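Analysis of the macromolecular model
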There are 2 protein chains.
Amino acid sequence: MTEEFHSVEKALSEHLPPREWQQVQRILYGKALKPLELGPKIEGAAQEQDYEVSGYRFEAASEQLRSPQIVRVGLIQNQIVLPTTESLEKQRSAIFHRMGQMIDNAGQAGVNIVCLQEAWTMPFAFCTREKSPWCEFAEDPYDGPSTLFLAEYAKKYNMVIISPILERDRNHGEVLWNTAVIISHTGEVLGITRKNHIPRVGDFNESTYYMESTLGHPVFATKYGRVAVNICYGRHHPPNWMMYGVNGAEIVFNPSATVGALSEPMWGIEARNAAIANSYFTCAINRVGTEEFPNEFSSADGKPAHRDFGHFYGSSYVAAPDGSRTPGLSRVKDGLLIVEMDLNLCRQVKDKWGFRMTQRLDVYAESLTRAIQPDFEPQIIRGKL
Amino acid sequence: MTEEFHSVEKALSEHLPPREWQQVQRILYGKALKPLELGPKIEGAAQEQDYEVSGYRFEAASEQLRSPQIVRVGLIQNQIVLPTTESLEKQRSAIFHRMGQMIDNAGQAGVNIVCLQEAWTMPFAFCTREKSPWCEFAEDPYDGPSTLFLAEYAKKYNMVIISPILERDRNHGEVLWNTAVIISHTGEVLGITRKNHIPRVGDFNESTYYMESTLGHPVFATKYGRVAVNICYGRHHPPNWMMYGVNGAEIVFNPSATVGALSEPMWGIEARNAAIANSYFTCAINRVGTEEFPNEFSSADGKPAHRDFGHFYGSSYVAAPDGSRTPGLSRVKDGLLIVEMDLNLCRQVKDKWGFRMTQRLDVYAESLTRAIQPDFEPQIIRGKL
């Protein structure tokens, strides 16, 4: 059942009576969103190529002194295409082909910024702890094959493309990083950003391959708005989300790879909390499907060695600064989520709630500076026990 | 419909087919919790006194070198008892009487730590912006009437009581604060903590009455565990939650007063995100009901002046470090939520996920220290537009 269950939102909308669904939707998902009409061409292409497509709109109030800032964002979630036993070249070509289809459709639908899933060029092989052959997927972010491939689409559709890859840093001893490349609408690389928080939990043996970013929390001023990328595990760390906000992000993408048994109840919480706390849009993207590897590996959980990692549950969604969110894409199928948003909502929510005014950054700068000292003593008040 | 709608969890469990409910519950609420059998005496008293009572258990794995640390926590949500037009003395006596009933029942049910709602001794009158008569409710946290009243219950039941009140600080010019008094199981005041983040949004005109705490993020080592209190608006500020964790809290209470139109879609997100991010239990408590005031006031939203604030939607709940949570208490009725938890779960989750290891506090201490400088320049990378 778990792996066939399409999505919470589908189950709720199908089974709840209309009045209950209205209340549940309001409380669990916030302000009701208008669907975005994509038209038969876009929907037909998705159906033919066997993936889900859906669209929603986040609106903002009209202002007197500022025009709306309407942006269309696309989130892509997908399974790997070929088995992990195929040659790396074939595996990669097949994924490139699949992405080409989906990005073409996003471009046709007027998407301005599209973001792919974490390490999209490859299976998420870090569970194996094998360096070979998986490290071969690592590539240069400026002229590696995936950047060259995507740059053509960026130019064709005047589209910013966020491309999370396994990076090989040739200027620093060929070390690997978990990186997102920001490809401008011109096809040029605007810059890169790297994963700030690296998991050491369950099958996520990622520090075996790459370490924590040293690039800080860059925000990229694109033609369509100021964007940042919080890669995967950084979603568990609220200060990481916060710094992208402090640096001025309006949309923060969270390309991820995470499996059901470990994190699914947290998935709808973390990126959405970040949208609320930081008055920006968040776009949470997760892989789909189960990836089987050639050699068995153990998971440090007392269970027998096995060849898969668990089910990547998809469920990609977008959350807004006012706490509302879209339904998730499917838990079991490739998907393209297209969301139109008026970025004016960010400042409107900032002005209304005033979190930036009430957040007391000075207190936390001081408190954290104390907390990292070796002789830090926590503020504990003790009574008679 | 909005004001009669009991709770999301009740609607879901009543209308979803069992297989769908199982999946929805897993994804939205995390690990299924065992009910806590409270017995006919406790349930009968609640029914007779017209409030909801429910109980759940959060379990932890057994360890070889450490015994379980089982604690029973009680959360109380309630309406004011008499109209706000009654004399202050009558209003307060009626609330004291009501709390006495509910705390007695919690004590009989073996609750070790009980927490009342924000400013529990009074209506949440800050929407009126009237200083008189509401400031009269402010009292000394060490020997004011509510502390003297609750100390008797603390001694009687060996119970820690967290009592959020409007404080009058007689040692500092009789200034007011929004404060929680931590009454030890001995009946002595173990200490106080104050609201760190003060809203200026909608009808929450609280900075008209009191300012931000200067007491930091104290954690209280009680007989039953290390507790902290994040009062109301602090739940919107992730670094506030974080500092209670850095200081060693195992349970953080979030006594609140918040109304539906403003915050309801955020309510299930924020305290739960904090439990996940900080590997501790969070206890979110909200008022219930609609409070009418004698004089009309306006809400700065273009609408006519009126006498009420909106509906406090209750929905108090507990979230655990593993991301699971209890159902909420009712949206419309007084309630006592009793939750038994094994505090060992906090360290077990810390060891499993390792967020404390991967959180990079040094980076955030440095980044925030830079961000508060007047000449701070955000980290923005600009391309051709």
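- The name that an unreviewed UniProt entry assigns to chain A is Beta-ureidopropionase, with the source organism given as Tigriopus californicus.
- Database annotation for chain A, UniProt heading Pathway (unreviewed entry): "Amino-acid biosynthesis; beta-alanine biosynthesis."
- Looking at the Sequence similarities (unreviewed entry) heading of the UniProt record, one finds this comment for chain A: "Belongs to the carbon-nitrogen hydrolase superfamily. BUP family."

1. Considerations on the overall build of chain A
- For chain A, the count of helices and strands is 10 helices and 18 strands.
- The C-alpha atoms of chain A give a radius of gyration of 21 Å, which matches the 21 Å a tight globule of 385 residues would have.
- Principal-axis analysis of the C-alpha atoms places the extent of chain A at approximately 65 × 55 × 45 Å.
- By residue count, 64% of the 385 residues in chain A fall in the buried class.
- Intrachain contacts of chain A at a sequence separation of at least 6 include 71% that bridge at least 24 residues.

2. Things to note about the relation of the copies chain A and chain B
- Expressed as a screw transformation, the operator carrying chain A onto chain B has a rotation angle of 180 degrees and an axial translation of 0.0 Å, and the superposed copies differ by an RMSD of 0.0 Å. Classification of the inter-copy transformation places it as that of a two-fold axis.

3. Quick word on the sheet that holds strand S6 (residues 175-183) of chain A
Residues and elements named next belong to chain A.
- The mixed open sheet is built from 8 strands, whose spatial order is S1-S2-S17-S3-S4-S5-S6-S7. With partners counted over all chains shown, the strands left at the sheet margins are strand S1 (34-35) and strand S7 (189-194), one partner each.
- Direction of pairing for strand S3 (residues 70-77) relative to strand S17 (residues 335-342): antiparallel, over a ladder of 8 bridges. For Gln77, the partnering residue across the bridge sits in S17 and is Gly335.

4. Describing the interface of chain A and chain B
- Residue-level contacts link 89 residues of chain A with 90 residues of chain B.
- Three residues stand out in chain A for area buried against chain B, namely Trp353(A), Tyr364(A) and Gln379(A), and they jointly supply 9% of the buried area on that side.
- The closest approach of N and O atoms between Arg26(A) and Glu264(B), which form a salt bridge, is 3.1 Å.
- Joining chain A to chain B, the criterion identifies 32 residue pairs in polar contact (both at pLDDT 80 or more).
- Broken down by element, the residue count for the side of chain A that touches chain B peaks at 13 residues, all from helix H7 (residues 260-278) of chain A.
- Each residue belonging to the side of chain A that touches chain B can be placed in one class, and the counts come to 45 nonpolar, 26 polar and 18 charged.

5. Details of the UniProt feature "domain: CN hydrolase" (unreviewed entry) in chain A
- This chain's UniProt record puts "domain: CN hydrolase" (unreviewed entry) on residues 71-343 of chain A.
- Secondary structure over residues 71-343 of chain A splits into 23% helix and 33% strand, and the C-alpha atoms at its two ends are 7 Å apart.

6. What about the packing of helix H1 (residues 8-15) of chain B against helix H2 (residues 18-29) of chain B?
All names here are of chain B.
- Where H1 contacts H2, the two axes come as close as 9 Å, and the packing angle between them is 155 degrees. Taken together, the axis directions place H1 and H2 in an arrangement best described as roughly antiparallel. The interaxial crossing formed by H1 with H2 has right-handed handedness. Seen from H1, the contacting residues are Val8, Glu9, Leu12 and Ser13; seen from H2, they are Trp21, Val24, Leu28 and Tyr29.
- Split by residue class, the contact of H1 with H2 holds 6 nonpolar, 1 polar and 1 charged.

7. Describing the environment of Phe204(B)
Residue and element names in this part refer to chain B.
- Looking at the element boundaries, Phe204 is found in strand S9 (residues 204-205).
- Take Phe204: its relative accessible area is 5%, and that puts it in the buried class.
- Along the chain, Phe204 and Ala257 lie 53 residues apart, while their C-alpha atoms are 9.5 Å from each other.
- The residues touching Phe204, leaving out its near neighbours within four places in the chain, are Phe124, Pro199, Ala257, Thr258, Val259, Leu262 and Phe309.

8. A short note on the side chain of Ser315(B)
Residues and elements named next belong to chain B.
- Secondary-structure assignment places Ser315 in the loop between strand S15 (306-313) and strand S16 (317-319).
- Among the polar contacts made by the side chain of Ser315, one reaches the main-chain carbonyl oxygen of Tyr313 at a distance of 2.7 Å.
- What Ser315 contacts, discounting residues up to four positions off in sequence, is Gln77, Trp267, Gly328, Leu329, Ser330 and Arg331.

9. Observations regarding the packing of aromatic side chains
- In this structure the tally under the stated criterion is 40 aromatic pairs over all chains.
- Both rings, one in Trp353(A) and one in Tyr233(B), keep their centres 6.3 Å apart while their planes meet at 25 degrees; by these two values the pair is stacked. In this pair, Trp353(A) is assigned in helix H8 (residues 344-353) and Tyr233(B) in the loop between strand S11 (225-229) and helix H6 (238-246), connecting two distinct chains. Here the two residues Trp353(A) and Tyr233(B) agree in accessibility, since each one is buried.
- Aromatic pair Phe124(B) and Phe309(B): ring centres 6.3 Å apart, planes at 10 degrees, arrangement stacked.

What counts, and at which threshold
- Residues numbered from 1 in each chain as written.
- Chains lettered and ligands numbered in written order.
- Predicted model: local features only at pLDDT ≥ 70, side-chain atom pairs only at ≥ 80, totals over all residues.
- Heavy atoms only, no water.
- UniProt positions renumbered as here; feature names shortened; annotations may be inferred.
- Helix = DSSP H or I, 4+ residues; strand = E, 2+ residues; numbered from the N terminus.
- Rg over C-alpha atoms; globule rule 2.2 N^0.38 Å.
- Buried < 20%, exposed > 50% of the residue type's maximum accessible area, 1.4 Å probe, protein only.
- Contact = heavy atoms within 4.5 Å.
- Least-squares fit on C-alpha atoms with pLDDT ≥ 70 in both.
- Pairing = 2+ DSSP bridges.
- Buried area = accessible area lost by both parts, 1.4 Å probe.
- Salt bridge = Lys/Arg side-chain N within 4 Å of Asp/Glu carboxyl O.
- Polar contact = N/O pair within 3.5 Å; in protein donor to acceptor, adjacent residues only side chain to side chain.
- Nonpolar A, V, L, I, M, F, W, Y, C, P; charged D, E, K, R; others polar.
- Axes fitted to C-alpha atoms, helices over the stretch in contact; angles between N-to-C directions.
- Parallel < 35°, antiparallel > 145°, perpendicular 65-115°, else oblique.
- Left-handed = near helix turned anticlockwise from the far one by under 90°.
- Phe/Tyr/Trp six-rings, centres within 6.5 Å; stacked < 30°, edge-to-face > 60°.

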